[in-house]
Each structure stands twice: as structure tokens, then as C-alpha cells.
Amino acid sequence: MIYAMFNSLNMAFFSFFATLKIQGGLAMKKIILATRNFRDTYVEQMEKDYQFLVYSKDQAIDWSQVEITIGWKPTWNEHLLTEKTNLKWVQAISAGVDTLPLKEFAKYDILLSNGSGIHAESITDHLLALLFMENRGIFQAIQQQRKQQWAPDTIPYAKLSDQEILIVGTGQIGQRLAQALTFFGVHPIGINTSGHEVAGFEKTFALSDLHTCAKTADCIINILPLTEETTHLYDEAFFAQMKPSASFYNVGRGPSVDTAALTKALEKKQLAFAALDVFEQEPLPENDPLWHTENLLITPHISGHTSHFQKAFMDIFLANFQQFLTKQELVKNEINLDKGY
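Nothing here was measured: the structure is a model prediction, and the numbers come from that model.

(A) View of the confidence of the model for the chain. When pLDDT is averaged along the chain, the result is 92; 92% of the residues meet or exceed 70. In this model, residues 1–26 is a region of pLDDT below 50 whose contacts with residues beyond four sequence positions or in other chains number twelve contacts.

(B) Representation of the domain arrangement of the chain. The domain boundaries assigned to the chain delineate domain 1 (27–116 + 309–327) and domain 2 (158–298). Put simply, the middle of domain 1 and the middle of domain 2, counted by C-alpha atoms, are 33 Å apart.

(C) Structural context of the packing of aromatic side chains. Taken as a whole and assessed by the stated rule, the structure comprises 21 aromatic pairs. Ring centres of Phe38 and Phe52 lie 6.4 Å apart, and the angle between their planes is 70 degrees; this geometry places the pair in the edge-to-face category. Of this pair, Phe38 sits in the loop between strand 1 (31–34) and helix 2 (40–46) while Phe52 sits in strand 2 (residues 51–54), placing them 14 residues apart in sequence. Each member of the pair, Phe38 together with Phe52, is buried. Between Phe132 and Phe184, the ring centres sit 5.1 Å apart and the planes meet at 80 degrees, which makes this aromatic pair edge-to-face. Note that Phe132 is positioned in helix 5 (residues 120–135) and Phe184 in the loop between helix 7 (172–183) and strand 7 (189–192), a separation of 52 residues in sequence. With relative accessibility at 33%, the residue Phe132 sits in the partly exposed group. Under the relative-accessibility criterion, Phe184 is labelled partly exposed at 35%. Through successive ring pairs, a cluster of aromatic residues spans Tyr50, Trp89, Phe317, Phe321 and Phe324. Its end group placed over the ring of Phe38, Arg36 keeps NZ or CZ at 5.0 Å from the ring centre.

(D) Local environment of the sheet that holds strand 4 (residues 89–91). Pairing within the open sheet is parallel, and its five strands lie in the order 2-1-3-4-5. Of all strands in the sheet, those with a lone pairing partner are strand 2 and strand 5 (111–113), marking the two edges. Sheet twist, expressed as the mean angle between neighbouring strand axes with direction ignored, is 20 degrees. Helix-sheet contacts for helix 11 (residues 309–327) involve strand 1, strand 3 (66–70), strand 4 and strand 5, and the interaxial angle to strand 4 is about 165 degrees.

(E) Examining empty space enclosed by the protein more closely. Within the structure shown, the criterion is met by two cavities of 30 Å³ or more. One number sums up the size of the largest cavity: a volume of about 40 Å³. Of the residues contributing to the lining of the largest cavity, the split by class is five nonpolar, two polar and one charged. Taken as a whole, the second largest cavity holds about 30 Å³ of empty space. Lining the second largest cavity, in full, are His126, Leu130, Asn250, Val251, Ala275, Leu276, Asp277, Leu297 and Thr299. Mapped by element, the contributors of at least two residues to the lining of the second largest cavity are helix 5 and strand 11 (273–276). Considered class by class, the residues forming the lining of the second largest cavity number five nonpolar, three polar and one charged.

(F) Just the nonpolar core, in detail. Residues Tyr234, Phe239 and Phe248 are the most contacted members of the largest nonpolar core, which totals 30 residues. Sorting elements by how many residues they give to this core places helix 10 (residues 259–267) first, with four residues. Sequence-distant contacts of Phe248, that is, excluding residues within four places in its chain, are made with Ile220, Asn222, Tyr234, Phe238, Phe239, Met242, Val257, Leu271, Phe273, Ala274, Ala275 and Leu276. Listed in part, the 25 residues of the second largest apolar core include Leu127, Leu128, Leu160 and Val186.

(G) A look at helix 7. A rise of 1.5 Å per residue sets the reference length of helix 7, with its twelve residues, at 16 Å; its end C-alpha atoms lie 17 Å apart and thus fit the reference within 8%. What helix 7 keeps buried is the set Ile173, Gly174, Leu177, Ala178, Ala180 and Leu181. End-on view of helix 7: buried residues confined to an arc of 165 degrees, all on one side of the axis. More than 90 degrees from the buried face of helix 7, the exposed residues found are Gln179 and Phe183. Where the residues of helix 7 are buried, they touch helix 5, strand 6 (165–168) and strand 9 (219–222). Positioned one or two residues after helix 7, Gly185 has a phi angle of 90 degrees, which is positive.

The rules we used
Residues numbered from 1 in each chain as written. Predicted model: local features only at pLDDT ≥ 70, side-chain atom pairs only at ≥ 80, totals over all residues. Heavy atoms only, no water. pLDDT = per-residue confidence, 0-100. Contact = heavy atoms within 4.5 Å. Domains from an automatic or database assignment. Phe/Tyr/Trp six-rings, centres within 6.5 Å; stacked < 30°, edge-to-face > 60°. Helix = DSSP H or I, 4+ residues; strand = E, 2+ residues; numbered from the N terminus. Buried < 20%, exposed > 50% of the residue type's maximum accessible area, 1.4 Å probe, protein only. Lys NZ or Arg CZ within 6 Å of the ring centre and 35° of its normal. Pairing = 2+ DSSP bridges. Axes fitted to C-alpha atoms, helices over the stretch in contact; angles between N-to-C directions. 1 Å grid on protein atoms, 1.4 Å probe; cavity = no way out; pocket = protein on both sides within 12 Å on 5 of 7 lines; lining within 4 Å. Points joined across faces, edges and corners; volume = space filled by probe spheres on them. Nonpolar A, V, L, I, M, F, W, Y, C, P; charged D, E, K, R; others polar. Core = buried A, V, L, I, M, F, W, Y, C linked by side-chain atoms within 4.5 Å. Expected span 1.5 Å × (residues − 1). Arc of directions from axis to C-beta.

Structural data, given as C-alpha cells:
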């Protein structure tokens, strides 16, 4: 009997030791589970109160200890979205959260924040490059160079400050873009859900006024998040309202655009030019007709690429982290789970 008791205690000890080993000696600490690694200086700040783990499918994880995630993987749903979950907060790395299980987060009272604002400068730079290239005829010059053509009289040009630029989405990216455009003499017009005024915009209109605004705009730029309301917002009826001389840019979400409708509109010359950085299907399939659509520029979802990403992201995360530790609340970029933004 004594031997049996000793053997039972011995087994329990080794089981406990194994748990410590799996959790790096911090079995009692809650876990921050991340989809990617961060610099040691940031990890050290997190590990004062939590154990930081970078997810690997081959690593044993005590899912009951995961209280915070940085990023999200679909395979985590079965572990973290159950009645037994201890997950309290998800910090998304991207600005868009439409691919995340928002309804389940709401069901289990899980806070969600995004990376909005990180990409504002890089996306603004991307859009300014497009606008200047379009207005100075650079796209046409590149096409003529490939054909060894010298035809200056066929290359269109315009003054940027003369253009009516409609920015659909007046969040952090839209505001940064409006600020930059104002410097170049543009008077940007904005569209948001309700039409409320936003600093930096000459005028603002409600989303319900989109078609009316499209009739006079020289360039329409989509920066909206993806929701049920904005899915295929830019459809055949929308493109029919645009001026034949106008252009359309999308750096928001791919499914906001009915791709077939845009392709058809470009073929029918309902608009002069389009630039897409996001698509309904990514990567864009090799046989997609968009590759051969005239007056269309394709970039492979690069507008948000930014230098110093970790610092910008951690400015958001660590501010939220400190508030979460003390009050279980967030101070930056909290997402309304019902609205999706």
C-alpha cells in the first residue's frame, strides 16, 4: 500500500514537472499566444505578467491558460471559442477584422482591437503615387515605352488640385490621406456611415449618398472596412453613375467591389481608369480577366506595407495591455463586434 502511494505521488510529480517543462517553467502564468514573434524588448514587457508564446502546430499548448492572442488563426476556434474558454482579448494585427469570428467573440464576451492607423502613412504614400502617376500620364507612358511608341499628344494630363477626390471611409487612413491632399491644394470630400463632419474634409456625406457623389467625382477611393453593408457596394449600378473620365481606386477590402461589374464598366468605358490593391480572391488567379483588362493597374496587396511595423503595432498593443491589466478595458482601436469596425 505504501509503495502504491509512493508510486502515485511519483507519477503526480512527474506530471507536474512535465507541465512546467511544456510551459517553460511558467505554468501558473496566463498565456499571450501570438501568430508571430516580436523583439525581445516587447516580449520582456509582456512577460512581466504573462507567458508569451509564438504559435506552432507542433507545440503543446495549455489552451485553458490562453487569455490574450495577438493575431488569430482559424484552427484556434475549436480550442478558444468554447464554453470553457478563458480568452478575454484578441489584438488583431491587421486593420480589417472581417475574416475573424466576430459573432463568437461577442458570444463569449471577448474584447477585440485592430491595427488601424499603423498603415495610414504607407497607404497614403501609395495613393499619392497613384494619383500623381495618373494625373501626369505616367501609366500611359509606361505602356507606350513597352511598345516603343513616341506619342506625347496621346498622353493625358491634369492638375491634381483641380480634381474632385471622393474618399469613401473617413477613419484614420482617410484622414491622413485628406491631410496630405490638402497640402497639394485638393479639397477632399469624404463619405462615412452617417455623414458626420470629420476634420480635414471639405464636405462629408452619408454612405447613402454615394451614388449621387459619384456623378461629379474625378477620383473615388475606397478605404472602407468590409461589412454586410459594404460587400459589393461598388456594383454595376454604382459604376454606371461615374463620369467616363473618372477613376476608381480600392485599397480597402476586395469584396467591397463586384469584380465582374468593374471589369464590364472598364470595357464599356464607363470610367477611364482603376487601380486595385485588394481583390475578392487573393492571390489573383492567373486566368482572371482582370490581368488583361485595359486601363487597370494591379498591385498585389502592398499598399499597407510599412517600415517600423513592430514599433507602430506595439504602440497600440502595449497601451491596450496596460489598460487591460488594470481595468480589463481597451483604450485604442476597440472594435464594435456588432458593427464589425
